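Structural description and commentary
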Amino acid sequence: MEKRLLNSPQPTDENNDSVIAEMFLNNVMIEFRREVLRKEIDLSLQERNKVAFLQLSEELKKIS
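Residues numbered from 1 in each chain as written. Predicted model: local features only at pLDDT ≥ 70, side-chain atom pairs only at ≥ 80, totals over all residues. Heavy atoms only, no water.

Two measures define how a pair of helices packs: the angle their axes make with one another and the distance between the axes. Packing of helix 1 (residues 13-46) against helix 2 (residues 50-63) brings their axes to within 9 Å, and their N-to-C directions diverge by 160 degrees. Put simply, helix 1 runs roughly antiparallel to helix 2. The two elements helix 1 and helix 2 meet at a crossing, and its hand is left-handed. Two secondary-structure elements touch here, helix 1 through I30, R33, R34, L37, R38, E40, I41, S44 and L45 and helix 2 through A52, F53, L56, S57, E59, L60 and I63. Here the contact of helix 1 with helix 2 is composed, by residue class, of nine nonpolar, two polar and five charged. (Axes fitted to C-alpha atoms, helices over the stretch in contact; angles between N-to-C directions. Helix = DSSP H or I, 4+ residues; strand = E, 2+ residues; numbered from the N terminus. Parallel < 35°, antiparallel > 145°, perpendicular 65-115°, else oblique. Left-handed = near helix turned anticlockwise from the far one by under 90°. Contact = heavy atoms within 4.5 Å. Nonpolar A, V, L, I, M, F, W, Y, C, P; charged D, E, K, R; others polar.)

The next thing to look at is the environment of V36. Tracing the backbone shows V36 in helix 1. Residues V36 and L60, spaced 24 residues apart in sequence, show a C-alpha to C-alpha distance of 9.7 Å.

Moving on to the nonpolar core. Counting residues in each nonpolar core, the largest one holds five residues, listed as L37, I41, A52, L56 and L60. The greatest single-element share of this core, amounting to three residues, is contributed by helix 2. Those residues within four positions of L56 in sequence are excluded, and the remaining contacts are L37, E40, I41 and S44. (Core = buried A, V, L, I, M, F, W, Y, C linked by side-chain atoms within 4.5 Å. Buried < 20%, exposed > 50% of the residue type's maximum accessible area, 1.4 Å probe, protein only.)

A separate point is helix 2. With 14 residues, helix 2 should reach 20 Å at 1.5 Å per residue; the first-to-last C-alpha distance of 20 Å fits that figure. Taken together, the buried positions of helix 2 are occupied by A52, L56, S57 and L60. Taken down its axis, helix 2 places every buried residue within 125 degrees of arc, on the same side. For helix 2, exposure combined with an orientation more than 90 degrees from the buried face picks out K50, V51, Q55, K61 and K62. For helix 2, the elements touching its buried residues are helix 1. In this structure N49 caps helix 2, since a side-chain oxygen of it lies 3.4 Å from the backbone nitrogen of V51. (Expected span 1.5 Å × (residues − 1). Arc of directions from axis to C-beta. Polar contact = N/O pair within 3.5 Å; in protein donor to acceptor, adjacent residues only side chain to side chain.)

Take helix 1 next. With 34 residues, helix 1 extends 50 Å between its outermost C-alpha atoms, agreeing within 8% with the 50 Å of an ideal straight helix rising 1.5 Å per residue. Residues of helix 1 that are buried: R34, L37, I41 and S44. Its buried side turned inward, helix 1 meets helix 2. Positive phi appears at R48, one or two residues downstream of helix 1, with a value of about 55 degrees.

If you want it as structure tokens, here you go:
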């Protein structure tokens, strides 16, 4: 059983919902950025742009 101090702020459903919503939005934004990077990487390959490919690939690795 979890112990809580009487004077400490108690989590509310509204706070929990807010945290969950923020986590969800962060995940959606990261997944969107991954998809954009993948498309840009594909384009850089088609254009044989090695510099762009390396830069985009590195950025994708950082967020994966």
